[in-house]
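Report on the structure
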Amino acid sequence: MSKKICIALDAMGGDHGPAIVIAGAALALERHPNLTFAIYGKEQAVLPVLEQHPLVRERSTFLHTEVAVNMDDKPSVALRQGRWKSSMWKAIEAVKKGEAAACVSAGNTGALMAMAAFCLRTMAKIDRPALAALWPNVKGESVVLDVGASIGADAQHLVDLAVMGSSMARIVFDIEKASVGLLNVGVEEIKGVEEVKAAGRILREANLPGLAYAGYVEGDDIGKGKVDVVVTEGFSGNIALKTAEGTAKQIAEYLRAAMSRSFMSKIGYIFARGAFRALKEKMDPRRANGGVFLGLNGVVIKSHGGTDALGFAAAIDLAFDMVDHGLLEKISETLNAYHGQPDAGSLKPERAELPSP
């Protein structure tokens, strides 16, 4: 068995709390027997669930916390009231102290980002963290970032996103070099805002290890799987993500209505149900659950708040992979190669603050 990896779990996060978190941990243990857990939450809610999963209880340490961050808390309020004593903060702090290799929470996204950034701080040469998501496409999956951690980006931040996203893709897809595209309104070099054009020039000239710049990509290229990594700023990235989720639900409703419209369509469904089952599995968001906060001095995974045990287990799997394959080391390696270039200063544009949205 390989070395043990401890994952800190915020048991109070998400819509369903400990019931889903502990059950997800049990599923993850079946796939990764060398996992251990540090679990944080209210003992009256967590301990009865732990008793139902003896293997998780055996492989875990538990710490009672008085505070649970609510899903609708404002990040500033959650940070002020939940710092030092909430289950979310304690799970993140375990990573900072070296007691856990990664943190997984299904809690309030804004609060998790605020606490993680405050507690862990950003890596050297990274100004702002980003939230990266795995995005299903016709070829498999792509990494898309930023999908909502921060709004607006100058050229340098887009380059940082490319570096971080390519490092994640190399781990998730087990490849030596990740193809990276900048999301734009067209593939022609003359199109797009100046920040995207400047980032494209930097990436073309930098020739970074583990990163193959593929130019601009459009919105429909995400689903086509044109590149391994799609880079955009958080405002447009979050809109793209929510649009894709809504479109998937819309298609599912169309199919469900079409299959029940007539007696013959019901008969047709019986013959085609194997194909529909495969489609359902392909579109199942639980299998790609888990966003990675990139650019921090630690690994933090955000699970969807409404997921079930299978989805939460997928988020733990993602945390395991990021740690086991050295996400932070890969990001640092590529960052150092870029910032250490003799002519890197001439590649970098002057930073300019973008107006608040």
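This text goes with the structure placed above it.
Below is a short write-up of the structure. In every chain, residue numbers begin from 1 and rise along the written sequence. Under the rules for a predicted model, residues below a pLDDT of 70 receive no local features and side-chain atom pairs below 80 are neither given nor counted, while totals for whole chains, interfaces and linings still include all residues. Heavy atoms throughout the structure, all of them, feed into the side-chain values; hydrogens and water do not.

1. Regarding the overall build of the protein
A run of H or I in DSSP becomes a helix once it reaches four residues, and a run of E becomes a strand once it reaches two; helices and strands are each numbered from the N terminus. Check the secondary structure of the protein and you find 14 helices and eleven strands. Looking at the 357 residues of the protein, the share that counts as buried comes to 49%. Contact criterion: two residues are considered in contact whenever any of their non-hydrogen atoms come within 4.5 Å of each other. Restricting the contact set of the protein to residue pairs at least 6 apart, pairs at least 24 apart contribute 72%. Under the convention used here, a 1.4 Å probe and the Shrake-Rupley method define accessible areas, while residue burial counts only the protein chains that appear. Per element, the accessible surface of the protein, about 16,700 Å² overall, is 55% carbon and sulfur. Exposure categories follow from relative accessible area, calculated using a 1.4 Å probe and restricted to protein chains: below 20% of the type maximum is buried, above 50% is exposed, and the middle band is partly exposed.

2. Looking at the packing of helix H1 (residues 18-31) against helix H2 (residues 43-51)
Axes, fitted as lines to C-alpha atoms, cover a helix only where it is in contact. Angles between the N-to-C directions of the axes lie from 0 to 180 degrees. One way to put it is that H1 packs onto H2 with a least axis distance of 9 Å and a crossing angle of 35°. Crossing of H1 over H2 shows right-handed handedness. Mapping the contact onto sequence places Pro 18, Ala 19 and Ile 22 in H1 and Ala 45, Val 46, Val 49 and Leu 50 in H2. Each crossing gets its handedness from the near helix: less than a right angle anticlockwise from the far helix is left-handed, clockwise is right-handed.

3. A closer look at the environment of Ser 236
Relative to the elements of secondary structure, Ser 236 occurs in helix H10 (residues 234-259). Distance from Ser 236 to Leu 183, taken between C-alpha atoms, is 9.1 Å for residues 53 residues apart in sequence.

4. A look at the sheet that holds strand E8 (residues 211-217)
Spatial ordering of the open sheet is given by E3-E2-E1-E4-E11-E10-E5-E6-E9-E7-E8, a layout of eleven strands whose pairing is mixed. Edge positions in the open sheet fall to strand E3 (60-64) and E8, since each of these has one partner strand only. The mean angle between the axes of side-by-side strands here comes to 25°, regardless of whether they run parallel or antiparallel. Judged from the three bridges that link them, strand E7 (residues 178-183) and strand E9 (residues 229-231) form a sheet pairing that is parallel. Note that in E9 the partner of Leu 182 across the bridge is Val 231. Relative to E8, helix H8 (residues 194-206) is tilted by about 150°, and along the sheet it contacts E7 and E8. For two strands to be treated as a pair, DSSP must find at least two bridges joining them.

5. What about the nonpolar core?
Within the largest apolar cluster, 70 residues are counted, with the highest numbers of intra-cluster contacts made by Leu 9 and Phe 37. Ranked by the residues each element gives to this core, the list is headed by helix H7 (residues 155-172), at ten residues. Those residues in contact with Phe 37, other than ones at most four positions away along the chain, are Cys 6, Ile 7, Leu 9, Ala 25, Leu 29, Val 56, Arg 59, Ser 60, Thr 61 and Ile 316. Nine residue types can take part in a nonpolar core, namely buried Ala, Val, Leu, Ile, Met, Phe, Trp, Tyr and Cys, and a core is a set of them joined through side-chain atoms within 4.5 Å. Counting 36 residues, the second-largest nonpolar core is a separate cluster that includes Val 69, Ala 91, Ala 100 and Met 113.

6. Section: the pattern of salt bridges
By definition here, a salt bridge exists when the distance from a side-chain nitrogen of Lys or Arg to a carboxyl oxygen of Asp or Glu is within 4 Å. Scanning the model with the defined rule gives ten salt bridges in all. The shortest N-O distance in the salt bridge between Lys 97 and Glu 93 comes to 3.9 Å. Where Lys 191 meets Glu 188, a salt bridge forms, and the shortest distance between an N and an O atom there is 3.4 Å. With relative accessibility at 38%, the residue Glu 188 sits in the partly exposed group. The network of salt bridges with shared partners includes Asp 220, Asp 221, Lys 224 and Lys 226.

7. Observations concerning the packing of H7 against helix H13 (residues 327-339)
Closest axis-to-axis distance for the H7/H13 pair is 9 Å, and the angle between their directions is 140°. Of the possible angle classes, the one that applies to H7 and H13 is oblique. H13 is crossed by H7, and the crossing has right-handed handedness. Of the residues in H13, those touching H7 at Gln 156, Val 159, Asp 160, Val 163, Met 164, Ser 167, Met 168, Arg 170 and Ile 171 are Leu 327, Lys 330, Ile 331, Glu 333, Thr 334, Leu 335, Tyr 338 and His 339. Of the residues in the contact of H7 with H13, the class split is nine nonpolar, four polar and four charged. Any angle from 65 to 115 degrees is called roughly perpendicular, while one under 35 is roughly parallel, one over 145 is roughly antiparallel, and all others are oblique. Amino acids outside the nonpolar list (Ala, Val, Leu, Ile, Met, Phe, Trp, Tyr, Cys, Pro) and the charged list (Asp, Glu, Lys, Arg) are all regarded as polar, and Gly is one of them.

8. Some remarks on a nonpolar patch on the surface
Residues enter patches when their relative accessible area tops 30% and they take part in no salt bridge; the joining distance is 9 Å for like charges and 5 Å for the nonpolar side chains Val, Leu, Ile, Met, Phe, Trp and Tyr. A cluster of nonpolar side chains, contributed by Ile 151, Phe 235 and Ile 239, occupies part of the molecular surface with about 280 Å² of accessible area. Its place among the elements puts Ile 151 in the loop between strand E6 (140-145) and H7. For Ile 151, a relative accessible area of 40% corresponds to the partly exposed category.

9. Remarks on the pairing of strand E5 (residues 130-137)
Counting buried residues along E5, seven of its eight residues qualify, which places the element largely inside the surrounding structure. Two strands pair when backbone bridges link them, and E5 and strand E10 (residues 291-294) are joined in this way by three bridges, in the antiparallel orientation. When the bridges of E10 are listed, Ala 132 appears paired with Val 292. Note: E5 against E6, six bridges, orientation antiparallel. Considered in E6, the bridge of Ala 132 is made with Leu 145.

10. As for H2
Of all the positions in H2, only Val 46, Val 49 and Leu 50 are classed as buried. Seen from one end, H2 has its buried residues packed into an arc of 100°, which puts them on one side. Facing away from the buried side of H2 by more than 90 degrees, the exposed set consists of Gln 44 and Glu 51. Check the buried side of H2 and you find it contacts H1, strand E2 (35-41), helix H3 (54-58) and E3. By arc we mean the arc of the directions from the helix axis to the C-beta atoms, nothing more.

Remember that the coordinates give geometry; whether it matters functionally is a separate question.
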